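# What the coordinates show
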Amino acid sequence: MTPLLDIRNLAIDFATENGRVEAVKGISFTLAEGETLAIVGESGSGKSVTGLALTRLLPEPPAVYRTGEILLHGRDVLKMAPRDLRAIRGAKIAYIFQEPSTSLNPVFTIRNQIAEAIRLHRPEVRDLDAEVIKYLDLVGIVDPAKRLHDYPHQLSGGMQQRVMIAMALSCQPELLIADEPTTALDVTIQAQIMDQLRDLKTRVRMAIILITHNFGIINGIADRVAVMFRGKIVEYGPTHEVLANPQHAYTKALIQCIPQLGAQRERLTTIDHAALDAAQ
């Protein structure tokens, strides 16, 4: 059976004034329909670059796709014409970014922003207000009809992120890429957003790529995990196996950084990059 997404030996460079920077170094992974994959790693490990590359949202130049294939239902995204790319962005693959306050346009209402996405990708929808209310309700916005004409600044950070999720879902994509969707939120709201994604995973049966630096949030939602370090996938497998028995030193270090109640530690573990580089 052909996977929904098949990444083969993907390598991405950036041209800079100081020469070429290798951001992603020949990674490969697959994603089945309805499956959730977590891509975990520190800032600068290549996670977000990988996510943006899936619909070629990286500006070219400075980005250069040096090698590889991005197969969506067997079609290589890297060989698609601009018109075909516009057709898959939003409709086939949608994004949730980490800063909802900067992702939402401050001068348009919530209704206008979600309705625009529906109008572009689902022109058959006639009652836009009803459809917007449906998706606001789906993501847990209380009394969504009264929120239609609110502007982003009138909503809390958690509600803004729910609006971003509603906008992504309203296009009925096959794959949702959630790039650090809880980073800008407090711990309580983080938990609510992750619960929302878990619930949607069950109800909507949509594939998800969860990009995060935090191993602590992936349990219970991710079927598999890919650990990225310096542009490479250094560990890849079922989430429960990686969490229970990590094989790579970097994976072990990330897991040890998770605060644990009752743990008798004076300070959190520091990741020794010099030792990890030497082991590469």
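Provided above is the structure to which this section pertains.
Described in the following lines is the structure provided in the data block.

What counts and what doesn't
- Residues numbered from 1 in each chain as written.
- Predicted model: local features only at pLDDT ≥ 70, side-chain atom pairs only at ≥ 80, totals over all residues.
- Heavy atoms only, no water.
- Helix = DSSP H or I, 4+ residues; strand = E, 2+ residues; numbered from the N terminus.
- Salt bridge = Lys/Arg side-chain N within 4 Å of Asp/Glu carboxyl O.
- Buried < 20%, exposed > 50% of the residue type's maximum accessible area, 1.4 Å probe, protein only.
- 1 Å grid on protein atoms, 1.4 Å probe; cavity = no way out; pocket = protein on both sides within 12 Å on 5 of 7 lines; lining within 4 Å.
- Points joined across faces, edges and corners; volume = space filled by probe spheres on them.
- Nonpolar A, V, L, I, M, F, W, Y, C, P; charged D, E, K, R; others polar.
- Pairing = 2+ DSSP bridges.
- Axes fitted to C-alpha atoms, helices over the stretch in contact; angles between N-to-C directions.
- Contact = heavy atoms within 4.5 Å.
- Core = buried A, V, L, I, M, F, W, Y, C linked by side-chain atoms within 4.5 Å.

## Structural notes on the environment of Ala166
Locating Ala166 in the fold gives a position in helix 6 (residues 157-170). The spacing of Ala166 and Tyr95 is 71 residues in sequence and 11 Å in space, taken between C-alpha atoms.

## Some thoughts on the pattern of salt bridges
Scanning the entire structure with this criterion turns up 17 salt bridges. Across the pair Glu22 and Arg20 runs a salt bridge whose closest N-O atoms are separated by 3.4 Å. Judged by its relative accessible area of 35%, Glu22 falls in the partly exposed class. The class of Arg20 is exposed, set by a relative accessible area of 56%. Linked by salt bridges that have partners in common, Asp13, Arg20, Glu22 and Arg66 make up one network.

## Digging into empty space enclosed by the protein
Within this structure, the stated rule accounts for 1 cavity of 30 Å³ or more. Of the volumes computed, that of the largest cavity is approximately 40 Å³. Lining of the largest cavity is provided by Ile110, Leu136, Ile141, Arg147, Leu155, Met159 and Val163. Residue composition of the lining of the largest cavity, grouped by class: 6 nonpolar, no polar and 1 charged.

## Remarks on the layout of surface pockets
Volume-wise, the largest pocket comes out at about 440 Å³. Taken together, 17 residues make up the lining of the largest pocket; nearest its centre are Gly90, Tyr95, Ala117, Met164 and Met167. Counting only elements with at least two residues in the lining of the largest pocket, the list comes to strand 6 (93-96), helix 4 (110-121) and helix 6. Per-element accounting of the lining of the largest pocket gives the leading share, 5 residues, to helix 4. Each residue belonging to the lining of the largest pocket can be placed in one class, and the counts come to 10 nonpolar, 5 polar and 2 charged.

## With respect to the sheet that holds strand 6
Across the sheet, 6 strands lie side by side as 6-7-8-3-9-10; this open sheet has mixed pairing. Two strands lie at the open edges of the sheet, namely strand 6 and strand 10 (232-238), each paired on one side alone. Ignoring which end each strand starts from, the neighbouring axes of this sheet average 15° apart. Bridge analysis of strand 9 (residues 224-229) against strand 10 gives 6 bridges, and the strand direction is antiparallel. Across the sheet, residue Ala226 finds its bridge partner in strand 10, namely Tyr236. Across the sheet, helix 6 lies against strand 6 and strand 7 (175-179), angled at about 175° from strand 6, the strand it touches most. Contacting strand 3 (36-40), strand 9 and strand 10, helix 9 (residues 249-256) runs over the sheet at an angle of about 105° to strand 9.

## Let's talk about the nonpolar core
Ile114, Leu136, Phe215 and Ile218 are the most contacted members of the largest nonpolar core, which has 50 residues in total. Broken down by element, the residue count for this core peaks at 8 residues, all from helix 6. In this view, Ile114 contacts Val132, Leu136, Val163, Ala166, Met167 and Ser170; residues no more than four positions away in its chain are not counted. Counting 35 residues, the second largest nonpolar core, distinct from the first, contains Leu58, Tyr65, Ile70 and Ala226.

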